[in-house]
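Results of the structural survey
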Amino acid sequence: MAAVSSASETGDSSRRHPPERRLLLLGGPQSGKTSTANTILGDEVFDVGTETTHSNVGQTEIYGRRVTVVDTPQWATPGDPKDDADADDNAVAESDAAPQPPPSLDSEGPCMGAILCPPGPHAILLVVSVARPFTETQRRAAEEQLGALGGGTWRYSMVLFTGVDKLPKGVFVEEHIANTGESLQWLVERCGSRYHAFDNTRKDGEDNTQVPELMEKVEEMITDNQGWYFEVNELILLEEEQARRALEEERMRMEEHARQRDQMIGGPPRELRVLLLGWKGVGKSSVGNSILGRRDFESGQETELCLRRQALVSGRRVTIVDTPGWDWFSVRRTPKRIRQESQRGAALLRPGPHTLLLVLPVVSSLTARKRRTLLAHIETLFGDNACLHTMVLFSCGDWLGRTPIEEHILRGGRELHRLLEYCGNYYHVLDSKTPGKDRSISDLLDKIEEMIRENGDEAFLPIQSEWLSEESSQSSDNTEPEDDCRGCQLQ
């Protein structure tokens, strides 16, 4: 509950000078709040060309009385597609700026504005533009904004209409209130039917009496409140500070995330090491060609031995190893030679593959046996931690047409969902028919880099000694010496 204190000031100074008046301005997007603050101050004190993210204080003298004005960030408005559909295009001249995005993470609540005019505001001016529709969503936003200050705020509140020059000729603000609807009428009544109208386009030398008339109404409200002003409860201030601290921590986390990404993107091309896996005939070779942007792997025939190829793709050095296909029925039905070849493929990506790309055609249904067999192959060949580095790549994406991959996954059933859960919900879809021309290749590499960041100290799957057995006898015949990846520094 907010506390209120007497506005009467003691001491000789109060007898020599009239007491100060403190005004707190609140408003939503394009309400004209900042322009209104400048009108009251009689000067362009606040910048109307940018979004207000922090409360700002300005002072002036009106009839020898010092007046403090606090401009605050726009209040958050719950999303409602009807709110802005009929907005007047001409409202921009009256608004703080052009349409703005939602408030940023470091935007302040109204409590900060209230404590910037200590010991508290005499009047809380709710700024509403007549050029924009005032909907039920806007009404709730205003109610929530005052609620954030605590109880007892409405007796210090007044609606300040802006943009009255946009009203049709002969239409006064009273008629606008009557015609706009119940939401605006509720707001005015909740403020004790206290309201005032502003035209922020009028200049000081144009017989402008709107500011003195506003101050007269503020004086009347102070008299009705027996000289008391609004003071924010200390508990609410504590909650506001805790919320601000949480937002600051979130902002720092996002900045650190962006910094890490910039470090990965900046500098010389770095290497991403990818191992293609899957059962026979799923299109692993075609996927490899699509990623590298050229036909390095022979598609359309069974892969017998691992083959490593490398290319510069979207600024990254990408190294891919294609492997022979597994049997879909069981691990035991996959010949030992093929299983060993899969491990040797991983060994060709020293010091280890960043991603095990599990290729799965979108046209193939995934049964419980197929899922268990795939996971058994991965865990048997590469260990329990392989799941941290595994991503499902849906091949033959052209079969989806205009169907989103998410919808395909929803229709895929329980087994597909369980497979994606095993892979940490890392997946991508690729059209293997157009090597190097699929725009999603860059997105795939972004996801691989995201996986690397998420894995932290375990950025790649380390090579095990048993994978190196007989490596040179078969696989190295298909690998040029200069393609050796031992110099990779991406961790």
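A brief structural summary.

So, how was this worked out
Residues numbered from 1 in each chain as written. Predicted model: local features only at pLDDT ≥ 70, side-chain atom pairs only at ≥ 80, totals over all residues. Heavy atoms only, no water. Axes fitted to C-alpha atoms, helices over the stretch in contact; angles between N-to-C directions. Helix = DSSP H or I, 4+ residues; strand = E, 2+ residues; numbered from the N terminus. Left-handed = near helix turned anticlockwise from the far one by under 90°. Contact = heavy atoms within 4.5 Å. Nonpolar A, V, L, I, M, F, W, Y, C, P; charged D, E, K, R; others polar. Phe/Tyr/Trp six-rings, centres within 6.5 Å; stacked < 30°, edge-to-face > 60°. Buried < 20%, exposed > 50% of the residue type's maximum accessible area, 1.4 Å probe, protein only. Pairing = 2+ DSSP bridges. Core = buried A, V, L, I, M, F, W, Y, C linked by side-chain atoms within 4.5 Å. Expected span 1.5 Å × (residues − 1). Right-handed = clockwise from strand over helix to strand, strands pointing away.

Between helix α10 (residues 336-347) and helix α11 (residues 368-382), whose axes approach to 10 Å, the crossing angle comes to 65°. The handedness of the crossing between α10 and α11 comes out as right-handed. Mapping the contact onto sequence places R339, S342, Q343 and A346 in α10 and T380, L381 and F382 in α11. Looking at side-chain class alone, the contact of α10 with α11 contains three nonpolar, three polar and one charged residues.

Turning our attention to the packing of aromatic side chains. Scanning the model with the defined rule gives five aromatic pairs in all. Ring plane angle 85° and centroid distance 5.6 Å describe the contact between W154 and W186, whose orientation is recorded as edge-to-face. Residue W154 is found in the loop between α4 (136-149) and β6 (157-162), and its partner W186 is found in helix α6 (residues 182-190); the two are separated by 32 residues along the sequence. Here W154 falls in the buried class, since its relative accessible area comes to 13%.

Now for the sheet that holds strand β3 (residues 56-62). Read from one edge of the open sheet, six strands run β3-β4-β2-β5-β6-β7, paired in mixed fashion. One side of each edge strand has no neighbouring strand; the edge strands of this open sheet are β3 and β7 (195-197). Taking each pair of neighbouring strands and ignoring which way they run, the sheet shows an average axis angle of 25°. Contacting β6 and β7, helix α5 (residues 173-180) runs over the sheet at an angle of about 120° to β7.

Attention shifts here to the nonpolar core. Counting 62 residues, the largest nonpolar core has I291, W326, F382 and F394 as the members making the most contacts within it. Of all the elements, helix α14 (residues 440-455) adds the most residues to this core, at six residues. In contact with I291, not counting residues within four places along its chain, are V313, V318, I320, L357, L430, I441 and L444. One finds C111, C117, A141 and A142 within the second-largest nonpolar core, a separate group that totals 29 residues.

Let us look at unusual backbone geometry. A cis geometry characterises the amide bond from P118 onward to P119, with omega recorded as 0°. Note that P119 resides in the loop between α3 (110-115) and β5 (123-129). With an omega of 0°, the peptide bond between R350 and P351 qualifies as cis. Within the secondary structure, P351 sits in the loop between α10 and β12 (355-361).

Before going further, it helps to examine α4. Owing to its 3.6 residues per turn, the α-helix aligns residues three or four sequence positions apart on the same side. Taking 1.5 Å as the rise per residue, α4 with 14 residues should run 20 Å; its terminal C-alpha atoms sit 21 Å apart, in good agreement. Taken together, the buried positions of α4 are occupied by T137, Q138, R139, A141, A142, Q145, L146 and L149. Trailing α4 by a residue or two, G150 shows a phi angle of about 115°, which is positive.

Where burial is concerned, most of β5 is hidden: seven out of the seven residues are buried. A two-sided burial pattern is seen for β5, the buried positions comprising A123, L125, V127 and S129 on one face and I124, L126 and V128 on the other. Looking at chain direction, strand β2 (residues 21-27) and β5 are connected through five bridges and run parallel. Residue pairing for β5: L23 is matched across the bridge by A123. When β5 meets β6, the two strands line up parallel, connected through six bridges. Bridge pairing in β6 links V127 to L160. As a crossover connection, the stretch from β5 through α4 into β6 is right-handed.

This brings us to the environment of G49. Along the polypeptide, G49 turns up in the loop between α2 (33-41) and β3. Under the relative-accessibility criterion, G49 is labelled exposed at 54%. Once the C-alpha coordinates of G49 and T34 are considered, the two residues, 15 residues apart in sequence, prove to be 9.6 Å apart.

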